[in-house]
Amino acid sequence: MKRFWTACLSIACTLLLAGVLAQGSESANNGAFVARIQLNGAIGPAAAEYFDSAAQRAITEGAVAIVLQLDTPGGLSSSMRQIVSSMLAAKVPVLGHVAPDGARAASAGTYILYAAQIAAMAPATHLGAATPVPISGSTPLPGMPDQGAEDKPVTGESSEETTPKSDKQPTGMAAATGDAEANKVLNDSVAYIRSLAQLRGRNANWAEQAVRSAATLTATEAVAEGVVDFIAANTADLLAQANGRKVSVGELSVTLKLEGAEVRDYAPNWRSRFLGVITDPTIAYLLLLAGLYGLVLEALHPGGLLPGVVGAICLLVGLYALQMLPVNYAGLALMVLGVGLLTAEAFTPAYGTLGIGGTAAFVFGSIMLLDTDIPGYSINIGLIAGIAAGAIGLLALVIWLAMRSRRARVISGDQQMLDAHGEMLEAISAGGFAQARFLGERWQVRSEQELPVGAHVRVLSRDGLVLWVAAE
């Protein structure tokens, strides 16, 4: 009997332990979560910083996958490559999702979507137009289509068939050099996106067409062409369709287990938000202007301190932001020259010549500063026009004041005292001395004639601090 009860107790303990372990396993599965990172707007340094920090934080906290939600018109090549490198190095799968409805993954967004283990699009979305746009003195941007490229249909032709023929190359050393530079950038972008397509098993020929001839696809067309895996209306639909699929994470083959996983949003941290503000081209432009004019005011009024301190801080922050953006340094130099000429107008009687030249240099420099057609990386023309109008108005005011001063009555010196009218405060004898009031001041006066108290007199000449007067 004792052995019987001992056996029963052992069985009960075993069942209890199994239940506890099963419950713990179920709790562990229920605790799985997916991190969602949203990239909205132009791809720049702030977006790259945001994705890097958010992805690392999500992986550290135990995310089983990352959903990268895209809605972007494109952006900087360097920032796009930084995001792609982070995706390829991530220890968890990255699910790219062009969403919500009406979103796009154009230009740099196409490269990022190709780098994801799972690529999906919401209805009424599109992708493509990934032709690089070279910018003088800056990193090429995946952006608008090359004006010299011919439109070619997406037919799945090999890369050799789509390569420009040698007989179409322009002649001349300058043309050959420029064409070689453009082909170098173009071919590098083609090789990059083809390598991503081959890594993820997607349509590499269409990817090449997106770069060479700015081809685009809708969500339905992208699924038919093998560019994306499926259409997902939202994140829950994305996870449901991706669940159970096998993907490669580094050298490992991983089966996605996303059923019932919680979705956690990872918002930008303070540093990413700060970079997002200062790298906005309009904000960077205004910081640069505030810095330049602050230093100019400090130079004109030494000891003011506040303009110099604020100007120095704004200038440094603005320059830090500009070094992250595709800046045309000729435009920056013209802006500095324009501010210098406008300042010189205040000290040199150039009758507006320096001011007009400075305004023209400032406007041209502002337009050239960020010479790019990528949406989100250009300065608002209305802002430039408003600042230029303010500079012209200030210049016109200075010229008007200068011209008015030439016609104004003299109010100081000998010329101002001559013919001044006053009143005798004391009686004066011929050749004697007395006191009189002129322009609110008491003066010692002499006269060749006798004058009573209260007589109205005018100044004939000045001898030191003594005025010679005569009756009016």
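In what follows, the structure referred to is the one given above.
This text gives an overview of the structure that appears in the document. (Residues numbered from 1 in each chain as written. Predicted model: local features only at pLDDT ≥ 70, side-chain atom pairs only at ≥ 80, totals over all residues. Heavy atoms only, no water.)

## Focus: the overall build of the protein
- When helices and strands are counted, the protein shows 16 helices and 18 strands.
- Looking at the protein residue by residue over its 472 residues, the buried ones come to 41%.
- Of the roughly 24,600 Å² that the protein leaves accessible, carbon and sulfur atoms contribute 60%. (Helix = DSSP H or I, 4+ residues; strand = E, 2+ residues; numbered from the N terminus. Buried < 20%, exposed > 50% of the residue type's maximum accessible area, 1.4 Å probe, protein only. Areas by Shrake-Rupley, 256 points an atom, 1.4 Å probe, with all protein chains shown as cover.)

## Observations regarding the pattern of salt bridges
- By the definition in use, this model includes 7 salt bridges.
- Ionic pairing is found between Asp-188 and Arg-81, a salt bridge with its closest N-O pair at 2.8 Å. Separated by 107 residues along the polypeptide, Asp-188 in helix H6 (residues 173-200) and Arg-81 in helix H3 (residues 77-89) bring together distant segments of the chain.
- With relative accessibility at 42%, the residue Asp-188 sits in the partly exposed group.
- Exposure remark for Arg-81: the relative accessible area of 26% places this residue in the partly exposed category.
- The shortest N-O distance in the salt bridge between Arg-194 and Glu-208 comes to 2.8 Å. (Salt bridge = Lys/Arg side-chain N within 4 Å of Asp/Glu carboxyl O.)

## Focus: the sheet that holds strand S10 (residues 230-231)
- One open sheet holds the 6 strands; their spatial order is S10-S5-S3-S2-S1-S13, and the pairing between them is parallel. The sheet is open, and its two borders are formed by S10 and strand S13 (262-265), each paired with just one other strand.
- By the bridge criterion, 5 bridges tie strand S2 (residues 65-71) to strand S3 (residues 94-98) in an arrangement that is parallel. By the bridge assignment, Val-67 is partnered in S3 with Leu-95.
- Strand contacts of helix H4 (residues 108-115): S2, S3 and strand S5 (118-121), with the helix running at about 160° to S2, the strand carrying the most contacts. (Pairing = 2+ DSSP bridges. Contact = heavy atoms within 4.5 Å. Axes fitted to C-alpha atoms, helices over the stretch in contact; angles between N-to-C directions.)

## Points about the environment of Ala-312
- Assignment of secondary structure puts Ala-312 in helix H12 (residues 306-322).
- Here the alpha-carbon distance between Ala-312 and Gly-294, two residues 18 residues apart in the chain, equals 7.3 Å.

## With respect to the pairing of strand S11 (residues 246-249)
- Of the two faces of S11, the one holding Val-247 and Val-249 is buried and the one holding Lys-246 and Ser-248 is not buried anywhere.
- Relative to strand S12 (residues 252-255), S11 is paired through 4 bridges, and the arrangement is antiparallel. The residue bridging Lys-246 from the neighbouring strand is Thr-255, located in S12.

## A closer look at the packing of H3 against H4
- Following both chains from N to C, one finds H3 and H4 inclined at 10°, their axes separated by 10 Å at the closest point. Viewed along their axes, H3 and H4 adopt a mutual orientation that is roughly parallel. Only Ala-108, Tyr-111, Ile-112 and Ala-115 of H4 make contact with H3, whose side of the interface consists of Met-80, Ile-83, Val-84, Met-87 and Leu-88.
- Looking at side-chain class alone, the contact of H3 with H4 contains 9 nonpolar, no polar and no charged residues. (Parallel < 35°, antiparallel > 145°, perpendicular 65-115°, else oblique. Nonpolar A, V, L, I, M, F, W, Y, C, P; charged D, E, K, R; others polar.)

## Points about helix H14 (residues 353-369)
- Over its 17 residues, H14 runs 24 Å from end to end, which matches the ideal 24 Å to within 8%, given 1.5 Å per residue.
- When we look at burial in H14, the residues that qualify are Gly-355, Gly-358, Thr-359, Ala-361, Phe-362, Gly-365, Ser-366 and Leu-369. (Expected span 1.5 Å × (residues − 1).)

## Considerations on the nonpolar core
- Ile-37, Leu-68, Met-87, Ile-112 and Leu-127 are the most contacted members of the largest nonpolar core, which has 55 residues in total.
- For this core, the element with the highest residue contribution is helix H2 (residues 45-60), accounting for 7 residues.
- Other than its neighbours up to four places away in sequence, Leu-68 contacts Ile-37, Leu-39, Phe-51, Met-87, Val-94, Leu-95, Gly-96, His-97 and Ile-112.
- Residues Tyr-285, Cys-314, Leu-369 and Ile-379 belong to the second largest nonpolar core, which totals 25 residues. (Core = buried A, V, L, I, M, F, W, Y, C linked by side-chain atoms within 4.5 Å.)

## With respect to a nonpolar patch on the surface
- On the surface, Leu-394, Leu-397, Val-398, Trp-400 and Leu-401 cluster together into a nonpolar patch covering about 460 Å² of accessible area.
- Take Leu-397: its relative accessible area is 41%, and that puts it in the partly exposed class. (Patch = residues over 30% accessible without salt bridge, like charges linked within 9 Å, V, L, I, M, F, W, Y side chains within 5 Å.)

## Thoughts on the packing of aromatic side chains
- Under the defined criterion, the tally for this structure stands at 1 aromatic pair.
- The side chain of Arg-81 reaches across the aromatic face of Tyr-192, ending 4.1 Å from its centre.
- The positively charged end of Arg-264 is found above the aromatic ring belonging to Phe-33, 3.8 Å away from the centroid. (Phe/Tyr/Trp six-rings, centres within 6.5 Å; stacked < 30°, edge-to-face > 60°. Lys NZ or Arg CZ within 6 Å of the ring centre and 35° of its normal.)

## Considerations on the sheet that holds strand S18 (residues 466-471)
- The strand order around the closed barrel built from 5 strands is S14-S15-S16-S18-S17, with neighbouring strands paired in mixed fashion. Here the strands of the sheet are splayed against their neighbours by 55° on average, with no regard to which way each runs.
- Across 4 bridges, strand S16 (residues 441-447) lies against S18 in parallel orientation. Within the sheet, the bridge partner assigned to Val-445 lies in S18 and is Leu-467.

## What about the environment of Leu-217?
- By secondary structure assignment, the location of Leu-217 is in strand S9 (residues 216-218).
- Separated by 90 residues in sequence, Leu-217 and Leu-127 have C-alpha atoms that sit 5.7 Å apart.
- With near-sequence residues (within four places) excluded, Leu-217 lies in contact with Thr-125, His-126, Leu-127, Trp-206, Ala-222, Glu-225 and Val-227.

Everything listed is a geometric property; what it means functionally is a separate question.
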